[in-house]
Structures are given as C-alpha cells and as structure tokens.
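Coordinates in review
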Amino acid sequence: MIATLKHNSRNYTIDLSKPLDLSIVLHGGDKNVNAWYLGPPKMEPHTEDGFVGKVTEGASTNFNDVWFNPHSHVTHTECLGHITEGFHSINQKLKKFFFLAEVITVAPEQMGDDFVISEKQLQYVLGNKKREAVVIRTLPNTKEKRSRNYSDTNPPYLLEEAVNFLVKKGVDHLLIDLPSVDKERDGGALLCHNAFWNMKGKPREKATITELIYVPNKVKDGTYFLNLQVAPFENDASPSRPVLYKIEEK
C-alpha cells in the first residue's frame, strides 16, 4: 500500500503496509512498564451482583474493567495541560497526526549522580536538520524498557538547554523512551516541560511530549514520517501509538 505525501513542496513515498510501532503495550500486572510510584495497572473481569464478566465463568462476553494511569503505565502523549492551572486536553490540542520526524540515538552523559542528554549531543546528531518531530532513543536500548519499573531509579533526562535547542529548531513534537523529559525528583521545577511549552512566554499550545516509547533496534536513525495516534481522551495526556513510516528510496 504505497502513499505519496507532499510536504513543504517535496514529494515523499511511504509504504503504509510497513508500520514501525513505537508504543509499549498495556498489560495488567507487575510485568507492565511503570513509573511515578504507582501500583501496576489492572485488567479484571467486571463483577457485580453475582455477575462475572468472563465467558469461562458463564458470561456471554468478556467484559473487563481497566485501571491505569497514562503517565505511569503506558506510552502516552501529553499537552501543556500537564503543567497548567487551567484545563487543556490533548484531544483538543492535537488535531494533526502526520509529521516529518527524525529518529536519533543518544547515550546519556554522566553529570554527577545523574545521566543527562545535553544540547551538545543533540546538536551533533541533528545538525542543520529541520523536523516537526524528534524521536529520541537512549542507550543502552534493551527490550527490558518495555517492562521496567522506573520508580526511584533516577532515570536519564534532558537538560533544559537541550529542550531550548529543540524549540529553537521548531520541533513541535518530542518523543522519548524515558518516563519523563525531566529529572525524576526535581522539587517540581519541571524545567524541560516548561521550556518545551514556553510557559514563560507565549505558550506553545500545539506542541506535545510523548514519553515511554520503545524504539526497536531494527529502526535505524534517520528521517521518517510519524503518525502520532492518540486515544480521544479529554485529559492532559492520553495513551498513544506513535507509528513511523520509512521514506522509500526513489
């Protein structure tokens, strides 16, 4: 299924039959990815007045209740409503879903007791490229990321200078394989979230941050089209499925 996309006066060809899914699956139980000190998500048959929503228990259908937090338990996309007093919904702010994206791989550098991604590193891998979206894969990149409990582990994060660099380059959609762009315990400063949404100036209301992705090693660094699929939740964040499409050689 071949599609031709016109972007900034250039034509690109992608194969829609070859999606590259960057999302982490939501499971019930402690094998699910987790962060922010919550218990594991739950997927259980609904029970009420003797009814058990499970075919093997005599019901006509399987009828599960699902409990999870999008920031803790699943690949999610968030808007500036994540840090504002006023309500902003990702369902209202994200209205376009295809973007020219660059996949980059970065090995966070040690800074004291932390591991960080710096402006210098992003400058090196992005150079003069202008992209609507940037997908950051961090090293080491093991499958264990899809089930890791990040709570109290001080995961790597971006420095504020790095995010300012991305904003200056016009990046509207930032995707990363970590639970946050910010330090786990920062006293509520959220320097990178604030910088990315430009909260000290005119807020970038259409900009989004997607966290807890997983970029398989088979996905090479380079330019792709990104289809950022978001569940229609009226919430600051929603479970999402970022899908890449390789640009076909002519």
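The structure presented is a predicted model; accordingly, all values stated were derived computationally and were not measured. Within each chain, residue numbers correspond to sequence positions counted from 1 in written order. For this predicted model, a pLDDT threshold of at least 70 governs which residues receive local features, and a threshold of 80 or more governs which side-chain atom pairs are given and counted, while totals over whole chains, interfaces and linings are taken from all residues. To get the side-chain values, take all heavy atoms of the structure and skip hydrogens and water.

1. Brief notes about the pairing of strand 12 (residues 133-138)
The condition is simple: Whether a residue is buried, partly exposed or exposed follows from its accessible area with a 1.4 Å probe, protein chains only, as a fraction of its type maximum: under 20%, in between, or over 50%, in that order. Secondary structure elements are taken from DSSP: a helix is a run of H or I of four residues or more, a strand is a run of E of two residues or more, and numbering for both begins at the N terminus. By the convention used here, strands pair only if DSSP detects at least 2 bridges between them.
Within strand 12, 6 of the 6 residues are buried, which leaves it mostly tucked inside the rest of the structure. The side-chain alternation of strand 12 yields two buried faces, one formed by Ala-133, Val-135 and Arg-137 and the other by Val-134, Ile-136 and Thr-138. Where strand 9 (residues 98-106) meets strand 12, 6 bridges bridge the pair, whose relative direction is parallel. By the bridge assignment for strand 12, Val-106 is matched with Thr-138. As paired elements, strand 12 and strand 14 (residues 173-176) share 4 bridges and run parallel to each other. By the bridge assignment for strand 14, Ile-136 is matched with Ile-176.

2. Things to note about the packing of aromatic side chains
We count it as follows: Note on aromatic contacts: the rings of Phe and Tyr and the six-membered ring of Trp form a pair at centre separations within 6.5 Å, being stacked when their planes are under 30 degrees apart, edge-to-face when over 60 apart, and tilted otherwise. Should the NZ of a Lys or the CZ of an Arg lie within 6 Å of a ring centre and within 35 degrees of the ring normal, that charge is described as sitting over the ring.
Counted by the stated rule, this structure contains 4 aromatic pairs. A ring pair is formed by Phe-51 and Phe-63, whose centres lie 6.4 Å apart and whose planes are at 70 degrees; its orientation type is edge-to-face. Residue Phe-51 is located in strand 6 (residues 51-52), and its partner Phe-63 is located in the loop between strand 6 and strand 7 (64-67); the two are separated by 12 residues in the primary sequence. The class of Phe-51 is partly exposed, set by a relative accessible area of 34%. Here the guanidinium or amino end of Arg-204 rests over the ring plane of Phe-196, the centre of that ring lying 4.6 Å away.

3. Structural notes on the packing of helix 3 (residues 119-126) against helix 4 (residues 160-168)
Cut-off, in case you're wondering: Axis lines are fitted through C-alpha atoms, for helices just across the contact stretch, and the angle between N-to-C directions can take any value from 0 to 180 degrees. Contacts were defined at the residue level, with two residues in contact if any of their heavy atoms lie within 4.5 Å.
Contact geometry for helix 3 and helix 4: axes closest at 7 Å, N-to-C directions at 35 degrees. For the pair helix 3 and helix 4, contact is made by Glu-119, Leu-122, Gln-123 and Leu-126 and by Glu-161, Ala-162, Phe-165 and Leu-166, respectively.

4. Remarks on the sheet that holds strand 11 (residues 114-117)
A sheet is described by the order of its strands in space; here 3 strands give the open sequence 10-11-13, paired in mixed fashion. The outermost strands of the open sheet, each flanked by one partner alone, are strand 10 (109-111) and strand 13 (157-158). Pairing of strand 10 with strand 11 involves 3 bridges; the strand directions are antiparallel. Paired with Met-111 across the two strands is Asp-114, which belongs to strand 11.

In short, shape yes, function no, at least from these values alone.
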